[in-house]
Amino acid sequence: MSVYLTEYLYKMNKKITKICCIGAGYVGGPTMAVIAQKCPEIQVTVVDINEKRIAAWNDKDLNKLPVYEPGLDKVVEEARGRNLFFSTEVDRAIDEAEMIFISVNTPTKTYGKGKGMAADLKYIELCARQIARVAKDDKIVVEKSTLPVRTAQALKSILHNTGSTNGGVKFEILSNPEFLAEGTAIQDLHAPDRVLIGGESAEAIEALVAVYAHWVPKENILTTNLWSSELSKLTANAFLAQRVSSINALSELCEKTGADVNEVARAIGTDSRIGPKFLKASVGFGGSCFQKDILNLVYIAKSYGLHEVADYWEQVILMNDHQKRRFADNIVTTLYNTVSGKKIAFFGWAFKKDTNDTRESAAIYVADYLLNEQAEIVVYDPKVTEEQIYADLDYLNTRSEEENRRLVTVVNDPYQAADNAHAIAVLTEWDEFKTYDWDKIYNDMLRPSFVFDGRAVLDSEKLEGKGFEVYTIGVGAKGV
Ligand code: UDX
Ligand code: ADP
């Protein structure tokens, strides 16, 4: 290769040596840990304003990392202190880096215009202003958080129009949405189906492609324009959530007709056009993305006057709300129309297994409904803390904090949760639930002993053989 060509390629592939990531949460933490692991020559600094969170990322005891993800501890152990750093010195990390990822939270707005639907972009805007203020040389700014379409436009405007010292500084914006799912984040990051990079500058896109190309085959790195990339993220989550709402809609029909939704899912999933994944009926989807992203999509569609499009996607959310509600309703009806003063054990609080994340978890809403009926709830989750469970309930503002603490108890032992309970409700599909001594649980419960399996994970026939009365989501009662 000629010297000139090599030089040209080098310029094209502006080599990145320092990366900064703003936001050390569920997305920023694991993603940066894997980038650092796979790119030992790049220094990766993850910054956050939350000192407690950064201290936890730096804790010698890897069990204390703020995010629970299988395999994350090993990745952090390998890279931390070598080329992976966690810090609260946001300005310094911005100043030093050539590439800055924005991974801050974008919750649904709880006030003003777009309340309950639009994404709250105040944290993103604060980051943009901070970058503009601090940057002394050219930066590539990468949107990692899920954002409404055309956020890049706002980012660009803030970056180019604010900051007093950066007249000559050039900012390139890229959209690089994260598709990792919690609980399998490390696996998803190590072997992604695809990496998506949207942008306007070929040079900036190439710089980020070069980072991922350390471990992702080039053909799995898709490049698009900025807006396609931003919209693809919302679309992917909307399609996934739609599948869950579709199968959940059928789960209710199965219960009425005597069909078994798991059999229906298997039957349709073998059609290669449909495929087997994301067809597991449940008490309702949760997580930080699905609801937020669909609400966002709905809000965007409405803002363009596309009301049919908005209504179409909104139905996915309405179905999900219905699913949570009818699961709780069924508990009340089955327990002779009253749960007042009755102890109900919750197995699981996280929004899915293998994570300690509880954002939008179905468990929160089912609990809230049962608490309105004066139930006494005892929660056991292998990974979620008592503090988090109370915070989730308090956040709803349905009743006083004192009342939440009076009606809800959190325990570290599933057998203690079930002791003297009228019913057990399975809200998360943790594998360990299948391995319990169900004879012991049965002996310690009140009669009749009900199990409401909102995840269809338990062997209902076996449990019925022991004496339990079992309701499994999407499975019609015998003799229907
Ligand atoms: C999702 C997307 O999968 C991921 O690509 C994106 O980056 C973020 O949002 P996550 O929310 O972490 O990831 O988990 P996911 O596995 O998608 O599950 C979301 C919810 O749907 C969970 O509550 C899960 O229990 C539920 N679900 C999923 C079902 O009820 N049935 C299914 O078949 C699949
Ligand atoms: P996600 O699931 O998108 O990663 P999290 O809420 O887990 O969301 O993480 C987002 C993180 O971003 C939080 O730890 C929060 O403290 C951090 N954050 C928000 N705004 C800023 C900011 N301006 N500077 C630095 N960190 C921020």
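Attention here is on the structure that accompanies the text. (Residues numbered from 1 in each chain as written. Chains lettered and ligands numbered in written order. Predicted model: local features only at pLDDT ≥ 70, side-chain atom pairs only at ≥ 80, totals over all residues. Heavy atoms only, no water.)

## Looking at the site of ligand 1
Here is step 1: Near ligand 1 you find 20 residues, and of these Phe-179, Glu-182, Ser-282, Lys-352 and Arg-455 are the closest.
Here is step 2: Between ligand 1 and Lys-233, the relevant distance is 3.1 Å, taken from an oxygen atom to a side-chain nitrogen or oxygen of the residue.
Here is step 3: At 2.8 Å from a nitrogen atom of ligand 1 is found a main-chain nitrogen or oxygen belonging to Lys-280.
Here is step 4: For ligand 1, whose free accessible area comes to 670 Å², the fraction covered by protein is 90%. (Near = heavy atom within 4 Å. Polar contact = N/O pair within 3.5 Å; in protein donor to acceptor, adjacent residues only side chain to side chain. Areas by Shrake-Rupley, 256 points an atom, 1.4 Å probe, with all protein chains shown as cover.)

## Quick look at the environment of Tyr-212
Here is step 1: Looking at the element boundaries, Tyr-212 is found in helix α9 (residues 202-212).
Here is step 2: Each C-alpha atom of the pair Tyr-212 and Cys-39 lies 8.7 Å from the other, and the pair is 173 residues apart in sequence.
Here is step 3: Contact partners of Tyr-212, with chain neighbours within four places excluded, come to Ile-35, Phe-101, Lys-144, Asn-176, Val-195, Ile-197 and Ile-221.
Here is step 4: Engagement of the side chain of Tyr-212 in a polar contact is seen with the side chain of Asn-176, the distance being 2.6 Å. (Helix = DSSP H or I, 4+ residues; strand = E, 2+ residues; numbered from the N terminus. Contact = heavy atoms within 4.5 Å.)

## Focus: unusual backbone geometry
Here is step 1: At the junction of Arg-447 and Pro-448, the peptide bond is cis and its omega measures out at -10° in the coordinates.
Here is step 2: Here Pro-448 lies in the loop between α18 (438-444) and β13 (450-453).
Here is step 3: One non-glycine residue with positive phi stands out, namely Asn-420, at about 65°.
Here is step 4: Turning to its location among the elements, Asn-420 is positioned in the loop between α17 (414-418) and β12 (423-426).

## Remarks on the sheet that holds β12
Here is step 1: Strands sit in the order β11-β10-β9-β12-β13-β14 across an open sheet of six strands; the sheet is parallel. Each of the sheet's edge strands pairs with one partner strand only, and the pair in question is β11 (408-410) and β14 (469-472). Between one strand axis and the next, the sheet turns through 20° on average, direction left out of account.
Here is step 2: Helix α15 (residues 386-396) rests against β10 (376-380) and β11 of the sheet, and its axis sits at about 155° to β11. (Pairing = 2+ DSSP bridges. Axes fitted to C-alpha atoms, helices over the stretch in contact; angles between N-to-C directions.)

## Thoughts on the pattern of salt bridges
Any two side chains of opposite charge can pair if their charged atoms end up close together.
Here is step 1: Following the criterion strictly, the structure yields 25 salt bridges and no others.
Here is step 2: In this structure, Arg-92 and Glu-96 form a salt bridge, with 3.5 Å as the shortest nitrogen-oxygen distance. A residue pair is termed a helical-turn pair when its members lie 3 or 4 positions apart in one helix, as Arg-92 and Glu-96 do in helix α5 (residues 90-96) at four residues.
Here is step 3: Linking Asp-431 and Lys-353 is a salt bridge whose minimum nitrogen-to-oxygen distance equals 3.1 Å. Of this pair, Asp-431 sits in the loop between β12 and α18 while Lys-353 sits in the loop between β9 (343-347) and α14 (362-372); the two residues are 78 residues apart in sequence, bridging distant segments of the chain.
Here is step 4: Judged by its relative accessible area of 39%, Asp-431 falls in the partly exposed class.
Here is step 5: For Lys-353, a relative accessible area of 25% puts it in the partly exposed group.
Here is step 6: When salt bridges that share partners are traced, they join Glu-89, Arg-92 and Glu-96 into one network. (Salt bridge = Lys/Arg side-chain N within 4 Å of Asp/Glu carboxyl O. Buried < 20%, exposed > 50% of the residue type's maximum accessible area, 1.4 Å probe, protein only.)

## Observations concerning α15
Here is step 1: Looking at α15, one finds that the buried residues are Ile-389, Tyr-390, Asp-392, Leu-393 and Asp-394.
Here is step 2: The inward-facing, buried residues of α15 contact α14, β10, α16 (401-407) and β11.
Here is step 3: Downstream of α15 by a residue or two, Asn-397 has a phi angle that is positive, lying close to 60°.

## Focus: the packing of aromatic side chains
Geometry of an aromatic ring pair is reported as the spacing of the ring centres plus the angle between the planes.
Here is step 1: Taken as a whole and judged by the stated rule, the model has 19 aromatic pairs.
Here is step 2: Seen in terms of ring centroids, Phe-285 and Phe-290 are 5.5 Å apart; in terms of plane orientation they differ by 75°. Their pairing is edge-to-face.
Here is step 3: An angle of 65° between the planes, with centres 5.0 Å apart, marks the rings of Tyr-442 and Phe-468 as edge-to-face. One end of the pair, Tyr-442, is in helix α18; the other, Phe-468, is in the loop between α19 (460-466) and β14, and 26 residues separate them in sequence.
Here is step 4: For Tyr-442, a relative accessible area of 16% corresponds to the buried category.
Here is step 5: Since its relative accessible area comes to 3%, Phe-468 is described here as buried.
Here is step 6: The structure contains a cluster of three or more aromatic residues connected by ring pairs, namely Phe-347, Tyr-415, Phe-433, Tyr-436, Trp-438, Tyr-442 and Phe-468.
Here is step 7: The ring of Tyr-390 carries the charged tip of Arg-405 above its face, separated from the ring centre by 4.5 Å. (Phe/Tyr/Trp six-rings, centres within 6.5 Å; stacked < 30°, edge-to-face > 60°. Lys NZ or Arg CZ within 6 Å of the ring centre and 35° of its normal.)

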